[in-house]
Amino acid sequence: MTNSLANRFAQWRVPTDWQAITSLDCHTGGEPLRIITSGFPVLAGHSILEKRRDCLKNFDHLRTALMFEPRGHADMYGALITEPERADSDFGALFLHNEGYSSMCGHAIIALTKTAIEAGVVAKTLPQTRLRIDVPCGQILAYADVDETGIQKIYFDNVPSFVAQLDQRIEVEGIGMVTYTLAYGGAFYAYVDAPSIGLSLAFDNHRQIIDYGRRIKQAVMASRAVVHPYEDDLSFLYGTIFSAPAEESGVRSRNVCIFAEGELDRSPTGSGVSGQVAILHARGLLGVGQEITIESILGSQFQVSVQQTLQYGPYAAVIPRVQGTAHVIGKNTFYIDPTDPLQQGFILR
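First things first, this report covers the structure right here in the doc. The model shown is predicted, which means the values in this text are computed figures rather than measured ones.

1. Examining the overall build of the chain
Helix and strand content of the chain: 6 helices and 18 strands. Expected size for 349 residues packed as a compact globule is a radius of gyration near 20 Å; at 20 Å, the chain falls within 12% of this value. When its C-alpha atoms are laid out on the principal axes, the chain stretches across 60 × 50 × 45 Å. Per-residue burial over the chain gives 54% buried out of 349 residues. Where the 28 positive side-chain charges of the chain centre and where its 37 negative ones centre are 1 Å apart.

2. Let's talk about empty space enclosed by the protein
Overall, the coordinates contain 1 cavity of 30 Å³ or more when judged by the stated rule. The space that makes up the largest cavity amounts to roughly 90 Å³. Elements with a contribution of two residues or more to the lining of the largest cavity: α4 (106-118) and α6 (270-282). Tallied by class, the residues present in the lining of the largest cavity amount to 6 nonpolar, 6 polar and 2 charged.

3. Thoughts on the packing of aromatic side chains
Each aromatic ring pair is characterised by the separation of its centres together with the angle its planes make. According to the stated counting rule, one finds 17 aromatic pairs in the structure shown. Relative to Y238, the ring of Y189 lies with its centre 5.8 Å away and its plane at 55°, an arrangement referred to as tilted. With a gap of 49 residues between them, Y189 in strand β11 (residues 188-193) and Y238 in strand β12 (residues 237-244) connect regions that are remote in the sequence. Of the two residues, Y189 and Y238, neither departs from the other in class, the shared state being buried. With centroids separated by 5.3 Å and ring planes inclined at 45°, the aromatic side chains of Y238 and F259 adopt a geometry described as tilted. Residue Y238 is found in strand β12, and its partner F259 is found in strand β13 (residues 253-259); the two are separated by 21 residues along the sequence. Ring pairs connect the aromatic residues Y77, F95, Y189, Y191, F236, Y238 and F259, which therefore count as one cluster. Taking the ring centre of Y101 as reference, the NZ or CZ of R63 above it sits at 5.6 Å.

4. Examining the nonpolar core
Within soluble globular proteins, side chains that are nonpolar generally end up buried alongside one another. Of all hydrophobic cores here, the largest spans 87 residues; its most connected members are F95, I109, V135, I209 and F242. A total of 7 residues in this core trace back to one element, the largest contributor, which is α4. Counting residues in each nonpolar core, the second largest holds 19 residues, with I48, F59, L94 and Y101 among its members.

5. Points about the pattern of salt bridges
Side-chain pairs of opposite charge can arise whenever the charged atoms involved come near each other. Here the structure, examined in full by the defined rule, presents 16 salt bridges. Among the salt bridges present, the one from R53 reaches D233, with a minimum N-O distance of 2.8 Å. Highlighted residues: R53 in helix α2 (residues 48-58) and D233 in the loop between α5 (206-223) and β12, separated in sequence by 180 residues. Under the relative-accessibility criterion, R53 is labelled partly exposed at 43%. We note a salt bridge from R254 to E247, for which the minimum N-O separation is 3.6 Å.

6. Digging into the side chain of S296
Looking at the element boundaries, S296 is found in the loop between β15 (291-295) and β16 (301-312). Polar side-chain contacts of S296 include one of 3.0 Å to the backbone nitrogen of L298. When sequence neighbours within four positions are dropped, the list of residues in contact with S296 reads G29, R254, N255, R266, S267 and P268.

7. What about the environment of V328?
One can find V328 in strand β18 (residues 326-336). The spatial distance from the C-alpha of V328 to the C-alpha of G92 is 20 Å, given a sequence separation of 236 residues. Setting aside residues no more than four positions away along its own chain, V328 makes contact with L24, D25, C26, K114 and T115.

About the criteria used
Residues numbered from 1 in each chain as written. Predicted model: local features only at pLDDT ≥ 70, side-chain atom pairs only at ≥ 80, totals over all residues. Heavy atoms only, no water. Helix = DSSP H or I, 4+ residues; strand = E, 2+ residues; numbered from the N terminus. Rg over C-alpha atoms; globule rule 2.2 N^0.38 Å. Buried < 20%, exposed > 50% of the residue type's maximum accessible area, 1.4 Å probe, protein only. Lys, Arg positive; Asp, Glu negative; His and termini not counted. Charge placed at Lys NZ, Arg CZ, Asp CG, Glu CD. 1 Å grid on protein atoms, 1.4 Å probe; cavity = no way out; pocket = protein on both sides within 12 Å on 5 of 7 lines; lining within 4 Å. Points joined across faces, edges and corners; volume = space filled by probe spheres on them. Nonpolar A, V, L, I, M, F, W, Y, C, P; charged D, E, K, R; others polar. Phe/Tyr/Trp six-rings, centres within 6.5 Å; stacked < 30°, edge-to-face > 60°. Lys NZ or Arg CZ within 6 Å of the ring centre and 35° of its normal. Core = buried A, V, L, I, M, F, W, Y, C linked by side-chain atoms within 4.5 Å. Salt bridge = Lys/Arg side-chain N within 4 Å of Asp/Glu carboxyl O. Polar contact = N/O pair within 3.5 Å; in protein donor to acceptor, adjacent residues only side chain to side chain. Contact = heavy atoms within 4.5 Å.

What is shown is where atoms sit, not what they do.
This is the structure in structure tokens:
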């Protein structure tokens, strides 16, 4: 039986002077991804970093409108599809969050690979479909193993990932002395052993995890420069990643990433686990071809391995391969009423 009264609300019509933006919403291991599918202005610039600068300068109000409340929330994450930068790439992507624009996002790559194949953005080929996606930190090669019933596995090879400095020590207000390792997996993170500072990575401790993550990030940023070997636009500390023993047998560790302005990643973090395997390789604990599993605060899992080693500027680097699972959860059409005083969104935590 249909609800005729409720159905009548569907007859509402949008005024012609309102802006409409549509999205395909997904999650990867619990971490949201809002893929913007129409209504966003075309960005100027050839490179993805140039497009990111244009978005920041001219359309940042649309980022906040789509990521912040009431259309989003403090931990919303988005992807803006662009024309590719490179001749052999399929498309480009900018990544949006509560603070601005990130340089790499593994959970987004997994969701974009799934939806690009299922939507026909790229041709599906059996037994494997390959995609090349331009993102701010470089070109990502993504794969989907496919059979007659659909996609069976999704994984990607990340950009060169490396350890900038092992085992640094810093005094953090409210925590004390903290040992961290600075590593890069498409973005820079400060990696901290959670038990060493008495921090539980249990689901119900998320508020303290966010607080500690923000404190450590701010302390590291205040104490040092974070420098990418080739690109100034990538020279910043994106977040803090805590590691602790996993709750499930056979899983290497539980990783919880606090990034941007206190966002807590629900997935194990694709760029984060990339930096993690660079650290393990540098310590002699993970060889080429060896795969480990890392879980998130929800228990969702990524599999990650070292595919090869290489020299990247002054750093001994690795190419990580990251595997995970994404799901589509809905489609949205968002309207921006020009008379709404909160049209650009707001954020509370």
